Amino acid sequence: MAFFLTRPCVQAQFQQRVGSFPVLSRQCVTMCYFHAHTEQASQLCVTRRTLCAQQEMEESLERWEPPCIPKLYEDEFVIAISKPGTLLVHDNKGASMEEKQRNAFAKNLVETQYTQGRRVNPVNRLDRAASGVMLFAKSSAAARAAQSSLSHPSCVKEYVVLARGCTPDFFVCDEPVKDENGISRSALTECEKVLDLPEARCSLLKVVIKTGRWHQIRKHLNHRAYHVVGDVKHGKGGTNRFFRENYKMQSGRIFLHAAHLSLLYPFPLVNLESESFQHTNKGLDNYEASLKSDLSVTSLSSSFPRELKKSIENVVTRTPTALWDADPNSGCQVLTIRATLPEDLQQVLYALPENLSKECLLSHGLIF
């Protein structure tokens, strides 16, 4: 005790803590020293932990390599990608500090890898654990037009889902679904069985949603007791654990993949390299005017000068991931964007007792 009392730092703390008390007992002095020493030690431990955490984060940032995001389609107005699973679309309250430091979000990666830093806006949304087609607009006007096209009745959003249990060949879910604020909204989900997997006690479904509610597919299948494999919030923990231990299902992943997105193309089908378009820019002027006048999606492209319109083949290149067709009702061009089933979900299907082959997935259009 005498050794510690001779240390200048401890003496100064004694004077600061008990200077107003003229008489102190030995017990009181011992307690004052104990609290001062404990406070110093705890502050030192916190400082060391903070420095170690910062050092580990800096080292992880140096080691981290951003994933390459597969591009499905791109033009002057929009860009479509295949979002990997476990990747957030943009920064939100669910993001970790490490993700914020890395800017590990689909939006930021698209801006870095494809648009040379030009800002993009997400048009549709996908959960972190899901994968598939994500559409980004290159301007706020393009985002408004694309979102109005997504709400059009002709829009088709198709998903591939691995569900627990043996489902009917076709069934419809129309129960109301609560949104983020707890308000019930009407919802419609159509499910068609693609593969019956009795040994694994699950079914592979193609799901088409007519409305875009929060967690719509997961909630509807949960209501029918056909839980989505990997769904932590609305699924079955035992099923998820069994698939992780036996069938190569990754932690933090859900077997929910946005495979197809078909929408009326709401932008002008013009040759962007034409001399008249570059000099007059009438195309974009009329495009902005049509947005401000709140015209329907089907009339957006009709507001452009006839001499600027070109055929689809002159504007875009047909690829396996981007297909074009004509809407039978309006005659407008329909853009269909497809995303093949990612490798990690393919491995889950290959690991099932049914011994599915690559040819089987090809025949059902799940991969291409």
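Residues numbered from 1 in each chain as written. Predicted model: local features only at pLDDT ≥ 70, side-chain atom pairs only at ≥ 80, totals over all residues. Heavy atoms only, no water.

1. Section: the overall build of the protein chain
Part 1 of the argument: Helix and strand counts for the protein chain come out as 13 helices and 13 strands.
Part 2 of the argument: Counting over 368 residues, the protein chain shows a buried share of 44%.
Part 3 of the argument: Across the protein chain, contacts joining residues at least 24 apart in sequence account for 63% of those joining residues at least 6 apart.
Part 4 of the argument: Working note: accessible area of the protein chain is about 20,100 Å², and carbon and sulfur atoms make up 51% of it. (Helix = DSSP H or I, 4+ residues; strand = E, 2+ residues; numbered from the N terminus. Buried < 20%, exposed > 50% of the residue type's maximum accessible area, 1.4 Å probe, protein only. Contact = heavy atoms within 4.5 Å. Areas by Shrake-Rupley, 256 points an atom, 1.4 Å probe, with all protein chains shown as cover.)

2. Digging into the packing of aromatic side chains
Part 1 of the argument: A complete count under the given rule lists eight aromatic pairs for this structure.
Part 2 of the argument: Residues Phe 243 and Tyr 247 carry aromatic rings whose centres are separated by 5.0 Å and whose planes lie at 70 degrees to one another, so their mutual orientation is edge-to-face.
Part 3 of the argument: Taking relative accessible area as the criterion, Tyr 247 reaches 9% and is therefore assigned buried.
Part 4 of the argument: Just above the ring of Phe 368 sits the side chain of Arg 338; from NZ or CZ to the centre is 4.0 Å. (Phe/Tyr/Trp six-rings, centres within 6.5 Å; stacked < 30°, edge-to-face > 60°. Lys NZ or Arg CZ within 6 Å of the ring centre and 35° of its normal.)

3. Examining the pattern of salt bridges
Part 1 of the argument: According to the stated counting rule, one finds 13 salt bridges in the structure shown.
Part 2 of the argument: Of the charged contacts in the structure, one is a salt bridge between Glu 74 and Lys 138, with a shortest N-O distance of 2.8 Å. Of this pair, Glu 74 sits in strand E1 (residues 71-74) while Lys 138 sits in the loop between strand E4 (131-137) and helix H6 (140-150), and the two are 64 residues apart along the sequence.
Part 3 of the argument: You can call Lys 138 buried: its relative accessible area is 11%.
Part 4 of the argument: The structure contains a network of salt bridges with shared partners spanning Lys 71, Glu 74 and Lys 138. (Salt bridge = Lys/Arg side-chain N within 4 Å of Asp/Glu carboxyl O.)

4. Some points on helix H5 (residues 106-113)
Part 1 of the argument: Those residues of H5 that fall on the buried side of the exposure criterion are Ala 106, Lys 107, Leu 109, Val 110 and Glu 111.
Part 2 of the argument: Taken together, the buried residues of H5 touch strand E2 (78-83), strand E3 (121-122) and E4.

5. Focus: the side chain of His 234
Part 1 of the argument: Here His 234 lies in the loop between helix H7 (216-223) and helix H8 (237-246).
Part 2 of the argument: Among the polar contacts listed, one links the side chain of His 234 to the side chain of His 215, at a separation of 3.1 Å.
Part 3 of the argument: Those residues within four positions of His 234 in sequence are excluded, and the remaining contacts are His 215, Arg 218, Lys 219, Asn 222 and His 227. (Polar contact = N/O pair within 3.5 Å; in protein donor to acceptor, adjacent residues only side chain to side chain.)

6. Here's the deal with the nonpolar core
Part 1 of the argument: Ranked by internal contacts, the top residues of the largest apolar core, which has 31 residues, are Phe 136, Tyr 159, Val 161, Val 207, Ile 217 and Leu 221.
Part 2 of the argument: Only E2, H5, E4, strand E5 (156-164), strand E6 (170-173), strand E10 (202-209), H7 and strand E11 (256-264) provide two or more residues apiece to this core.
Part 3 of the argument: Once residues within four sequence positions are removed from consideration, Tyr 159 is found in contact with Leu 126, Leu 205, Lys 206, Val 207, Ile 209, Ile 217, Leu 256, His 257, Ala 258 and Ala 259. (Core = buried A, V, L, I, M, F, W, Y, C linked by side-chain atoms within 4.5 Å.)

7. Some points on the side chain of Ser 262
Part 1 of the argument: With respect to the helices and strands, the residue Ser 262 is situated in strand E11.
Part 2 of the argument: In terms of polar contacts, Ser 262 uses its side chain to reach the side chain of Thr 336, at 2.7 Å.
Part 3 of the argument: Here Ser 262 is in contact with Ser 154, Cys 155, Val 156, Val 334, Leu 335 and Thr 336, once residues within four sequence places are set aside.

8. What about unusual backbone geometry?
Part 1 of the argument: Of note in this structure, Gln 116 is not a glycine but carries a positive phi near 50 degrees.
Part 2 of the argument: Located in the positive-phi region is Arg 201, a residue other than glycine, with phi close to 55 degrees.
Part 3 of the argument: Along the chain, Arg 201 falls in the loop between strand E9 (189-197) and E10.
Part 4 of the argument: By relative accessible area, which is 69% here, Arg 201 ends up exposed.

9. A look at the confidence of the model for the protein chain
Low-pLDDT portions of the prediction should not be read for the details of their coordinates.
Part 1 of the argument: Mean pLDDT over the protein chain stands at 78; residues scoring 70 or higher make up 69%.
Part 2 of the argument: Contacts of residues 1-6 to residues separated by more than four positions or lying in other chains number nine contacts, the stretch itself having pLDDT below 50. (pLDDT = per-residue confidence, 0-100.)

10. Quick look at the pairing of E11
Part 1 of the argument: In terms of burial, E11 is a largely internal element, eight of the nine residues being buried.
Part 2 of the argument: Sheet topology note: the E4/E11 ladder contains two bridges and is parallel. For Ser 131, the partnering residue across the bridge sits in E11 and is His 257.
Part 3 of the argument: Two elements, E5 and E11, share six bridges in a ladder whose sense is antiparallel. Bridged to Glu 158 within E11 is His 260.
Part 4 of the argument: Strand direction decides the pairing type here: E11 and strand E13 (residues 333-338), joined by five bridges, are antiparallel. Bridge pairing in E13 links Ser 262 to Thr 336. (Pairing = 2+ DSSP bridges.)

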